[in-house]
Amino acid sequence: MNPIVVIGSGLAGFNTVKEFRKLDKETPVVVLTADDGRNYSKPMLSTGFTKEKTADELAMATPEQVAEQFNVTVRTGIHVAGIDTDKQRVLLPDDHLDYSALVLALGADTWTPPLEGDAVGEVFSVNDLMDYGRFRQALDGKKSVTILGGGLIGCEFANDLSNGGFQVSLVEPLGRCLPMLLPEAASAAVGRGLESLGVEFHFGPLAKAVHRNRDGEGLVTELSDGTHLKSDVVLSAIGLRPRIDIAKEAGLRTNRGILTDQQLRASADNVYALGDCAEVEGHVLPYVLPLMASARALAKTLAGEATPVSYGVMPVTIKTPACPVVVCPPPEELDGDWEVEEDGNSVRALFRDRDGALRGYALTGEVVKEKLKLNKELPALMP
Ligand SMILES: Cc1cc2nc3c(=O)[nH]c(=O)nc-3n(C[C@H](O)[C@H](O)[C@H](O)COP(=O)(O)OP(=O)(O)OC[C@H]3O[C@@H](n4cnc5c(N)ncnc54)[C@H](O)[C@@H]3O)c2cc1C
C-alpha cells in the first residue's frame, strides 16, 4: 500500500501525524520537509529572549525522535518539486514517491517589499527554527535592531528583543501597531506599552533601502521620509503569504491559499491541505487554534471517517506582555462598528453588526481576562 504523504513538518504537518496515530497505528506515513525536521512550536520564536531559550532549546524533538514516537518516516532537507495528482505521485528532486493520500501542510512564505541598498541580503526574517538560529547568532554581542512591520510578528519581536536588552526601532507605514488586527484605541495602548520598554516607532514612512553603514559598524535603514535609522541588525516582519505555488502548478484550485472544502479536501482526489497554506471554505487563518482543529478533523478523515472541520471562536493572543492583547477579529467585510471603552492601557473594543450582535472584540491590558465571557457570546466562525 502506498503511504500517506505529508509535506511539511510544522505544527500542521506534525499535529496531523500525531492525531492520525491516535486512530491508526499501522498505515505507513511519510513526512517530507524542506527544513531540518525538528519539532518546535513556532509561536515560541518570538518569545526566545523573554523565556531565555536558544534555537536548540526551543526544539522539542529531533526528526528521528518524531519518527520513532509516531512510527513514521521523516525525510528532511527535501524540497518537493511538484505533484502529479493523476498518478498520485509527489515529485522529488531526484526521485518520486507515490501516495494513497497527500496532505499539504506547506505553511506560508515571508514577504518583504522590494528594498534597495547594498545590505538587503543581510535583512533577516524569522519564519522557522533554522531562521531563528541564524537570527540569534547575528544578534550575539549586538545592541540594536530595526524591525520592519508592526503586525503580530513585528510587535511580538519588539517586546521580546526589548526584554533581551536590545534598543528597538520599529517602522510601520500604516501608522500604528497591529493595524490590520486592532481598532485605533487598542493599537495606541499597545504602542504605549512597547514605548515604555524603549521601543522607538517610525509610523507612516516605508522602508526604502538597507545600506551598510559607511561611517561605522552595522546597517542603515533608509525610510521614505528621509530618516536614516542605524542599527546592528534589521528584521523584516512585514507579511506572510500562503505557499500555494506547487499546488497551483499541479492544477489544484488556489486563491489566497490552497482552496479546500470543510473536509479539507483540495480539488484533486485524495489531496488535503491545512494550516497556513490553506484556504478552508474562504477562511485563511494563519494561527495555531484553527490548524489544531483541522489536524484533528483530517486525522479522522484519513482514518476512514470523513469529518468536516469546525472552527469555533478563534481568539488570537498577542505575546506583548508590555501590554497584553487578545483579539477575535470580526469576519472580513462585515458591516458594523467598534464600541470602545478605555482606561489607561486597558481597552475594551467590541465589534457589533448592524443588528447589535457581538461579532468580534479586541481587549488590551487588564481587561484581557474578559475574553472567556465574550467568547461565549460570539457565534462560531465555521460551525
Ligand atoms: C514569530 C511567530 C509567532 C507566532 N505566534 C503565534 C501565536 O502566538 N499564536 C498563533 O496562533 N499563531 C502564531 N503564529 C502563527 C503560527 O505559528 C502558524 O500559524 C503555524 O505555526 C503555521 O504552521 P504550518 O505547519 O501551517 O506552517 P509551517 O510551520 O511554516 O510549516 C511549513 C512546512 O512546510 C515545509 N515545506 C514548505 N514547502 C515545501 C516543499 N516544497 N517541500 C517540502 N517541504 C516544504 C516547510 O519546510 C515546513 O516544514 C506565529 C508565527 C510566527 C512566525
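Look a little higher up for the structure.
The structure displayed is predicted, hence computed values, not measured ones. (Residues numbered from 1 in each chain as written. Predicted model: local features only at pLDDT ≥ 70, side-chain atom pairs only at ≥ 80, totals over all residues. Heavy atoms only, no water.)

Chemist: Teacher, can you tell me more about the overall build of the chain here?
Modeler: Scanning the chain for helices and strands turns up nine helices and 24 strands. Relative to the 2.2 N^0.38 estimate, which gives 21 Å for 383 residues, the radius of gyration of the chain is 22 Å and therefore close to what a compact globule would have. In terms of principal-axis extent, the alpha carbons of the chain reach across some 60 × 55 × 35 Å. When burial is assessed residue by residue, the chain has 52% of its 383 residues classed as buried. The positive charge centre, built from 38 side chains, and the negative charge centre, built from 54, are 3 Å apart in the chain. (Helix = DSSP H or I, 4+ residues; strand = E, 2+ residues; numbered from the N terminus. Rg over C-alpha atoms; globule rule 2.2 N^0.38 Å. Buried < 20%, exposed > 50% of the residue type's maximum accessible area, 1.4 Å probe, protein only. Lys, Arg positive; Asp, Glu negative; His and termini not counted. Charge placed at Lys NZ, Arg CZ, Asp CG, Glu CD.)

Chemist: Any chance you could explain the environment of Leu-219 here in plain terms?
Modeler: For Leu-219, the location among the structural elements is in strand S13 (residues 219-223). Taking C-alpha positions, Leu-219 is 31 Å from Tyr-40, a pair spaced 179 residues apart along the chain. Look past the residues within four positions of Leu-219 in its chain and what remains in contact with it is Ala-119, Glu-122, Val-210, His-211, Arg-212, Asn-213, Leu-229, Lys-230, Ser-231, Asp-232, Val-233 and Val-234. (Contact = heavy atoms within 4.5 Å.)

Chemist: Sorry if this is basic, but what is going on with the sheet that holds strand S22 (residues 336-343) here?
Modeler: One key point about sheets: their strands pair by backbone hydrogen bonds, in either a parallel or an antiparallel sense. What the five strands build is an open sheet, ordered S20-S21-S24-S23-S22; its pairing is antiparallel. Of all strands in the sheet, those bounded by a partner on one side alone are strand S20 (316-318) and S22. Strand-to-strand twist in this sheet, taken as the mean axis angle between neighbours without regard to direction, amounts to 15 degrees. (Pairing = 2+ DSSP bridges. Axes fitted to C-alpha atoms, helices over the stretch in contact; angles between N-to-C directions.)

Chemist: Help me understand the packing of helix H1 (residues 11-23) against helix H8 (residues 288-302), please; the structure alone is not making it clear to me.
Modeler: Helices that pack against each other are described as a pair by the angle of their axes relative to one another and the distance between those axes. Taken N-terminus to C-terminus, the directions of H1 and H8 make an angle of 40 degrees; their axes are 8 Å apart at the nearest point. In terms of orientation, H1 lies oblique with respect to H8. As H1 runs across H8, the sense of the crossing is right-handed. For the pair H1 and H8, the contacting residues are Leu-11, Ala-12, Asn-15, Thr-16, Glu-19, Phe-20 and Leu-23 in the first and Val-288, Leu-291, Met-292, Ala-295, Arg-296, Leu-298, Ala-299, Lys-300 and Leu-302 in the second. (Parallel < 35°, antiparallel > 145°, perpendicular 65-115°, else oblique. Left-handed = near helix turned anticlockwise from the far one by under 90°.)

Chemist: Sorry, what's going on with the site of the ligand here?
Modeler: Neighbouring the ligand are 32 residues, the closest being Ala-12, Val-80, Asp-276, Val-288 and Lys-319. Between an oxygen atom of the ligand and a main-chain N or O atom of Ser-9, the distance comes to 2.9 Å. One of the backbone nitrogen or oxygen atoms of Ala-105 is found 3.3 Å away from an oxygen atom of the ligand. Secondary-structure elements contributing two or more residues to the shell around the ligand are H1, helix H5 (152-163) and H8. (Near = heavy atom within 4 Å. Polar contact = N/O pair within 3.5 Å; in protein donor to acceptor, adjacent residues only side chain to side chain.)

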